[in-house]
Amino acid sequence: MPQINENFLKLEKNYLFINIAKKVNAYKAAHPEADIIRMGIGDVTLPIAKCVVEAMKKGADEMGVKETFKGYEDSGAGYYFLREAVSGYYKSFGVDVPAGDIRINDGAKADCGNIVDIFGNDNTVLITDPAYPVYVDTNRMCGRNVIFADSNEKNGFAAMPDDSVNCDLIYLCSPNNPTGSAYTYDQLKEWIAYAKKNNAVIIYDSAYEAFITDENVPRSIYAVEGAKEVAIEMCSLSKTAGFTGMRCGYTVVPSELVVKASDGSEVKLADLWGRRQGSKFNGVSYPVQCAAAAVFTEEGLKQTRENIEYYKNNAKIIGETLDELGIKYTGGKNSPYIWLKCPGNMGSWEFFDLLLEKINVVGTPGAGFGKNGEGWFRLTAFGDKDRTIEAMQRLKTLKF
Ligand code: PLP
């Protein structure tokens, strides 16, 4: 009989969004006439830019012609044309990341989880709380010691390093899911200095970088000096270009990132990551990589920018309503997420039930993202503009 990985038995029984779906489905079954507005799951709703779809079609056509057909991609790291395009994208906001340090993936969620393979299980992992659940779950699946850095109202939901705490791996997400807060250059400098002092590695998730507008907030951790010696960065086209159903992202493991093995020898993390991917991953489909490369063309960036502006306008509508109602919140500025304090000291799930039952609006209870999320609630700006306006009008009818 096989032994199972019993760490799985210690996880939360269900992924947060499954719990939400269950509640919403039960409500719908009892109230089939209810017109529910979903502002919970962070999925995009606008179609992919036309030039990106055209590039995907062209890639698909090439697969049907003997001379241009493609089988396995040799490196599994992604076609060079796409890695170069990503490198050029970094350059467009002043960051130098060579194509050779970039590997293409089928979305950042997979790499956020897969990266655990290249680190030993005795590491202590520091995760900011609240957090995207994948970081906590995937480390607990391999039995690692997970500790938390509190992001809360006091620090503007931007946890900062504590010199009295030791750790080996640090997960940072900026702009943050769920809180919408974003680290400034100076704050990231502190994290980099802390990582260097602790010989720790930062795993930096920049999935929402395209939403940044503040000049003092970097689009990449590599915009900050010294980051290449301590940080791995993961990004995704899901929110940048509407790729949640296409599946494409990229991970950067800089060649400068070197750690010591137990025998004292120096090891490049990029080599371990390449070895891991070589054994377990055969790359992203060619038509999707063609589409991804089109995102980074002048026309692609222009068209995808229009979608981001649409979502940012929704965030503004939500923010203005919360201002009017005197409800505290973070996010919405450099992020599609608005993280609000539940009025009247309500708990997160209590507020969830209230919105679902009284105004048929679905959001995400902050408590599902960690202990500091209790009493807070996430709304997303990824919906339709008119429905967002309608949801905010309904919110105004509630008395808190
Ligand atoms: N990282 C964060 C912080 C996210 O919120 C998400 C998706 O919601 C992802 C990564 C995963 O994105 P992908 O669709 O590329 O797997």
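Residues numbered from 1 in each chain as written. Predicted model: local features only at pLDDT ≥ 70, side-chain atom pairs only at ≥ 80, totals over all residues. Heavy atoms only, no water.

1. Considering the sheet that holds strand 5 (residues 169-173)
Backbone-to-backbone hydrogen bonds pair the strands of a sheet. The strands run either parallel or antiparallel. Convention followed: Pairing between two strands is assigned when DSSP locates at least 2 bridges connecting them. Helix and strand assignments come from DSSP, with helices taken as H or I runs of at least 4 residues and strands as E runs of at least 2, each series counted from the N terminus. A fitted line through C-alpha atoms represents every axis, and for helices the fit uses only the stretch in contact; the resulting angles, taken between N-to-C directions, go from 0 to 180 degrees. A contact between two residues is defined here by any heavy atoms of the two lying within 4.5 Å.
The strand order 2-8-7-6-5-3-4 describes an open sheet built from seven strands, whose pairing is mixed. Each edge of the open sheet is held by one strand with a lone partner, namely strand 2 (102-105) and strand 4 (145-150). Mean inter-strand twist for the sheet, computed between neighbouring axes without regard to direction, equals 20°. Packing of helix 6 (residues 185-198) onto the sheet brings it into contact with strand 3 (124-129), strand 5 and strand 6 (201-205), and relative to strand 5 it is tilted by some 170°.

2. Thoughts on the domain arrangement of the protein
For the record, the criterion: Residue ranges for the domains trace back to a domain assignment, done automatically or taken from a database. Here's the idea: put two parts together, see how much 1.4 Å probe accessible area each one loses, and the total over both is what we call buried area. Whenever a carboxyl oxygen of Asp or Glu lies within 4 Å of a side-chain nitrogen of Lys or Arg, that contact is scored as a salt bridge.
Domain boundaries assigned for the protein yield domain 1 (6-47 + 300-396) and domain 2 (50-297). Just the C-alpha atoms count here: the centres of domain 1 and domain 2 sit 25 Å apart. Contacts between the two partners involve 34 residues from domain 1, matched on the other side by 45 residues from domain 2. Counting each side, the surface lost to burial between domain 1 and domain 2 is near 3300 Å², with a carbon and sulfur contribution of 56%. Among the residues domain 1 hides against domain 2, the three largest losses belong to Y15, N334 and N372. Together they make up 20% of the total. Inspection of the region where domain 1 meets domain 2 yields four salt bridges.

3. Some thoughts on the packing of helix 2 (residues 50-63) against helix 9 (residues 286-295)
Worth spelling out the cut-off: An angle counts as roughly parallel when it lies under 35 degrees, as roughly antiparallel when it exceeds 145, as roughly perpendicular when it falls between 65 and 115, and as oblique in every other case. Each crossing gets its hand from how the near helix is turned against the far one by less than a right angle, where anticlockwise is left-handed and clockwise is right-handed.
Axis separation between helix 2 and helix 9 bottoms out at 7 Å; the angle between their running directions is 150°. Taken together, helix 2 and helix 9 sit at an angle that is classed as roughly antiparallel. The crossing of helix 2 and helix 9 is right-handed. Counted together, C51, V52, A55, M56, G59, A60, E62 and M63 of helix 2 and Y286, P287, C290, A291, A294 and V295 of helix 9 form the full contact between these two elements.

4. Focus: the packing of helix 10 (residues 298-325) against helix 12 (residues 385-396)
Where we set the bar: Residue classes follow a fixed rule: Ala, Val, Leu, Ile, Met, Phe, Trp, Tyr, Cys and Pro count as nonpolar, while Asp, Glu, Lys and Arg count as charged, and any other residue, Gly among them, counts as polar.
Look at helix 10 against helix 12: their axes get within 10 Å of each other, and the N-to-C directions meet at 10°. Between helix 10 and helix 12, the angle falls in the class roughly parallel. Contacts between helix 10 and helix 12 involve Y310, N313, N314, I317, I318, T321, L322, E324 and L325 on the former and, on the latter, K385, T388, I389, M392, L395 and K396. Residues that form the contact of helix 10 with helix 12 fall into these classes: eight nonpolar, four polar and three charged.

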